[in-house]
Amino acid sequence: MRIPKICRYCGGKIIKSKTHVLYGKGNETIYLCTMCNAYVGCYPGTDKPMGKVANTVLRLKRQETHQVFDALWKKQGWTRSAAYRWLAKSLQVSEENAHIGMMEMDDCERVIRLCRDYKNSKEAA
């Protein structure tokens, strides 16, 4: 994942910052738009972004998607890696592109639907 330089929402400059700038606490590294506050977090202890910069609405949708997806794979007894392999295969994308941090609103909706459909098919069986 490339380090973002220009905001995809407003064209503003993206800078490396810390979460305390937004929330008054925390010291995790983020890449933050100086104009609209869209941002992406980094993997702990690194400067590597966990996905694409997102605005508030997309971040909330990604959080919802993670809740549904994580609940499914944990209930199924899958490992996280196995879950992402299943997701990649279901979405017909590479494992590299199957991460929720890379997804847009429509992708998140699709993942939520896939998870609910899978859960419902298992419960019906």
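Everything below is about the structure shown above.
Residues numbered from 1 in each chain as written. Predicted model: local features only at pLDDT ≥ 70, side-chain atom pairs only at ≥ 80, totals over all residues. Heavy atoms only, no water.

I'd like to hear about the sheet that holds strand β1 (residues 14–18), residue by residue, with values.
Think of a sheet as strands paired side by side through backbone hydrogen bonds, with each pair either parallel or antiparallel. Spatially, the three strands line up as an open sheet ordered β1-β2-β3, and their pairing is antiparallel. Lying at the two open borders of the sheet, with one neighbouring strand each, are β1 and β3 (39–41). The sheet shows a mean angle of 25° between the axes of neighbouring strands, direction not considered. As paired elements, strand β2 (residues 29–33) and β3 share three bridges and run antiparallel to each other. Looking across to β3, one finds that L32 is bridged to Y39. (Pairing = 2+ DSSP bridges. Helix = DSSP H or I, 4+ residues; strand = E, 2+ residues; numbered from the N terminus. Axes fitted to C-alpha atoms, helices over the stretch in contact; angles between N-to-C directions.)

Kindly report on the nonpolar core, identifying the contributing residues and their values.
Counting residues in each nonpolar core, the largest one holds 16 residues, and the members touching the most others are F69, W86, L87, M103, V111 and C115. Residue assignment for this core shows that the elements contributing at least two residues are α2 (56–76), α3 (80–91) and α4 (105–124). In terms of nonpolar packing, the next biggest core, distinct from the first, is built from eight residues, C7, A38, V40 and V53 among them. (Core = buried A, V, L, I, M, F, W, Y, C linked by side-chain atoms within 4.5 Å. Buried < 20%, exposed > 50% of the residue type's maximum accessible area, 1.4 Å probe, protein only.)

Account for the packing of α2 against α4, with residues named and values stated.
Pairs of packed helices are described in terms of their axes, by the angle between the two and the distance that separates them. Where α2 contacts α4, the axes come no closer than 9 Å and their chain directions differ by 25°. By the angle between their axes, α2 is roughly parallel relative to α4. For the element pair α2 and α4, the recorded crossing hand is left-handed. Between α2, through V57, L58, K61, R62, E64, T65, V68, F69, L72, K75 and Q76, and α4, the contact on the second element is made entirely by M105, C108, E109, V111, I112, C115, R116, Y118, K119, K122 and E123. (Parallel < 35°, antiparallel > 145°, perpendicular 65-115°, else oblique. Left-handed = near helix turned anticlockwise from the far one by under 90°. Contact = heavy atoms within 4.5 Å.)

I'd love a proper account of the side chain of R59, names of residues and values included.
Counting through the fold element by element, R59 comes out in helix α2. No salt bridge is formed by the buried R59. Its closest oppositely charged neighbour is E104, at 12 Å. Residue contacts for R59: discarding those within four places in its chain leaves N37, A38, Y39 and A54. (Lys, Arg positive; Asp, Glu negative; His and termini not counted. Salt bridge = Lys/Arg side-chain N within 4 Å of Asp/Glu carboxyl O.)

Please set out the packing of aromatic side chains residue by residue, giving values where relevant.
The tally for this structure, following the rule as stated, stands at five aromatic pairs. On the basis of an interplanar angle of 75° and a centroid distance of 6.4 Å, the ring pair of Y23 and Y39 is categorised as edge-to-face. Residue Y23 is located in helix α1 (residues 20–23), and its partner Y39 is located in strand β3; the two are separated by 16 residues in the primary sequence. The class of Y23 is partly exposed, set by a relative accessible area of 48%. Since its relative accessible area comes to 12%, Y39 is described here as buried. With 5.3 Å between their ring centres and 70° between their planes, W86 and Y118 make a pair best called edge-to-face. (Phe/Tyr/Trp six-rings, centres within 6.5 Å; stacked < 30°, edge-to-face > 60°.)

Now, about the environment of S17: what can you tell me, with residues and values included?
Among the structural elements, S17 can be located in strand β1. Look at S17 and you get buried, because its relative accessible area is 10%. Counting along the chain gives 24 residues from S17 to G41, while the straight-line C-alpha distance between them is 9.6 Å. Apart from the residues lying within four places of it in its own chain, the contact partners of S17 are E28, T29, I30 and L32.

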